[in-house]
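Fold and contact review
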Amino acid sequence: MPEETRPGSGEQAKQYALGRLRDTILRGGMAPAQRLVETELAAQYGVTRASIRAALLDLASEGLVERIRNRGSRVRVVTIEEAVEITECRMALEALCAAKAAEIATDAQIDELADLGEAMSEAVAGGDPVSYSDLNHDLHTLIRVVSGQRTAVALLERLNAQLVRHRFRLALRPGRAKQSLSEHLAVIEAISARDPRAAEGAVRAHLSSVIDALRDD
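Residues numbered from 1 in each chain as written. Predicted model: local features only at pLDDT ≥ 70, side-chain atom pairs only at ≥ 80, totals over all residues. Heavy atoms only, no water.

Here we come to the overall build of the protein chain. Looking only at helices and strands, the protein chain features 10 helices and 3 strands. Overall, the protein chain shows an N-to-C arrangement of helices and strands of α-β-α-α-β-β-α-α-α-α-α-α-α. Its C-alpha atoms give the protein chain principal-axis dimensions of roughly 55 × 35 × 30 Å. Across the 217 residues that make up the protein chain, the buried fraction comes to 42%. (Helix = DSSP H or I, 4+ residues; strand = E, 2+ residues; numbered from the N terminus. Buried < 20%, exposed > 50% of the residue type's maximum accessible area, 1.4 Å probe, protein only.)

Quick look at the nonpolar core now. Core analysis: the biggest nonpolar cluster contains 42 residues, and Leu113, Leu139, Ile143 and Ile191 have the highest contact counts within it. Those elements that provide at least two residues to this core are helix H4 (80-104), helix H5 (107-125), helix H6 (129-147), helix H7 (150-161), helix H9 (176-192) and helix H10 (196-215). Ranked by the residues each element gives to this core, the list is headed by H4, at 10 residues. Apart from the residues lying within four places of it in its own chain, the contact partners of leucine 139 are Leu113, Leu116, Met120, His184 and Ile188. Grouped together as the second largest cluster of nonpolar side chains are 20 residues, Leu36, Leu41, Leu59 and Leu64 included. (Core = buried A, V, L, I, M, F, W, Y, C linked by side-chain atoms within 4.5 Å. Contact = heavy atoms within 4.5 Å.)

Negative charge collects at one region of the surface, where Asp111, Glu112, Asp115, Glu118 and Glu122 lie side by side. Secondary-structure assignment places aspartate 115 in helix H5. (Patch = residues over 30% accessible without salt bridge, like charges linked within 9 Å, V, L, I, M, F, W, Y side chains within 5 Å. Areas by Shrake-Rupley, 256 points an atom, 1.4 Å probe, with all protein chains shown as cover. Salt bridge = Lys/Arg side-chain N within 4 Å of Asp/Glu carboxyl O. Lys, Arg positive; Asp, Glu negative; His and termini not counted. Charge placed at Lys NZ, Arg CZ, Asp CG, Glu CD.)

Here we come to the confidence of the model for the protein chain. Here the protein chain averages 90 in pLDDT, while 95% of its residues score no lower than 70. Ranking the helices and strands of the protein chain by mean pLDDT puts H5 first, with 97, and helix H8 (residues 164-171) last, with 78. (pLDDT = per-residue confidence, 0-100.)

The antiparallel open sheet is built from 3 strands, whose spatial order is S1-S3-S2. Looking at which strands have only one partner, the edges of the open sheet turn out to be strand S1 (35-36) and strand S2 (65-68). Two strands pair when backbone bridges link them, and S1 and strand S3 (residues 72-75) are joined in this way by 2 bridges, in the antiparallel orientation. If you follow leucine 36 over to S3, its bridge partner there is serine 73. Running at roughly 110° to S2, helix H3 (residues 49-61) makes contact with S1, S2 and S3 of the sheet. (Pairing = 2+ DSSP bridges. Axes fitted to C-alpha atoms, helices over the stretch in contact; angles between N-to-C directions.)

Let us look at the packing of H4 against H7. Put simply, H4 and H7 touch, their axes get as near as 10 Å, and they point 150° apart. In terms of orientation, H4 and H7 fall into the roughly antiparallel class. In the packing of H4 onto H7, the handedness of the crossing is left-handed. In contact with Ile86, Cys89, Arg90, Leu93, Glu94, Leu96 and Cys97 of H4, H7 contributes Ala152, Leu155, Leu156, Leu159 and Asn160. (Parallel < 35°, antiparallel > 145°, perpendicular 65-115°, else oblique. Left-handed = near helix turned anticlockwise from the far one by under 90°.)

Turning next to the pattern of salt bridges. By the definition in use, this model includes 14 salt bridges. We note a salt bridge from glutamate 62 to arginine 22, for which the minimum N-O separation is 2.7 Å. Here glutamate 62, found in the loop between H3 and S2, pairs with arginine 22, found in helix H1 (residues 10-26); they are 40 residues apart in sequence, far enough to count as distant. Residue classification places arginine 22 among the partly exposed residues on the basis of a relative accessible area of 26%. One salt bridge connects arginine 49 with glutamate 38, and the closest N-O pair in it is separated by 2.9 Å. Linking arginine 49 in helix H3 with glutamate 38 in helix H2 (residues 38-45), this pair joins segments that are 11 residues apart in sequence. Among the residues examined, arginine 49 registers a relative accessible area of 45% and is labelled partly exposed. Judged by relative accessible area, glutamate 38 falls into the buried class, the value being 12%.

What follows is about the packing of H1 against H3. Packed helices, taken two at a time, are described by the angle between their axes plus the distance between the axes. Packing of H1 against H3 leaves a shortest axis separation of 8 Å and a crossing angle of 50°. The pairing of H1 with H3 is recorded here as oblique in orientation. Relative to H3, H1 is oriented so that their crossing is right-handed. Between H1 and H3, the contacting residues are Gly10, Ala13, Lys14, Ala17, Leu18, Leu21, Arg22 and Ile25 on the first element and Ser51, Ile52, Ala54, Ala55, Leu56, Asp58 and Leu59 on the second. Along the lines of polarity and charge, the residues of the contact of H1 with H3 split into 10 nonpolar, 2 polar and 3 charged. (Nonpolar A, V, L, I, M, F, W, Y, C, P; charged D, E, K, R; others polar.)

Structural data, given as structure tokens:
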């Protein structure tokens with residue numbers, strides 16, 4: 001944002017800082033346990049320290065930041081054990097979304113799912129795990145949108161934000177993308193067949209595989 005239009009204080013400044021900080025954390029620009037110094041961030045983003053503090057409080061409620069008494073804030077560390085628990089919660093919600101998507105998906109949405117499946121296959125064949133990881137995220141997002149389950153989607157967005165670093169690590173593991181691809185194609189096939197039970201089962205099988213991979217990390 002140009003200097004002359006960058007908000008310095010108030011709600012607009014907080015939202016600006018919140019968006020920048022969230023995006024940086026989710027993209028891996030800040031390491032787990034990295035200290036978040038309010039004065040430094042305020043100078044970096046051109047907003048007040050109060051705006052940074054308010055943004056950090058919001059990020060703490062999202063599970064991306066943790067506040068430590070008398071020591072300020074840092075990027076929250078998500079352990080393997082916690083990542084497994086979060087994925088177990090995801091399993092119930094993602095399975096619900098897939099089942100609902102199978103019930104109500106339009107022909108155009110099914111075509112869009114198929115296109116994503118083809119792009120994911122091409123990314124794996126081309127040895128591009130980063131692109132595959134991005135497409136993986138796009139697929140799960142589309143299934144949630146198709147499902148129309150707004151409450152589940154809101155919960156999943158919060159849960160998934162905490163897993164972003166583990167997701168990238170798994171995507172880069174040799175052989176993981178190929179295994180994951182077959183699981184995702186099974187989900188697409190079940191939704192395309194308009195089979196809610198098969199869609200739910202395919203999602204559960206996929207996330208059970210993710211849990212096994214996390215435990216092996």
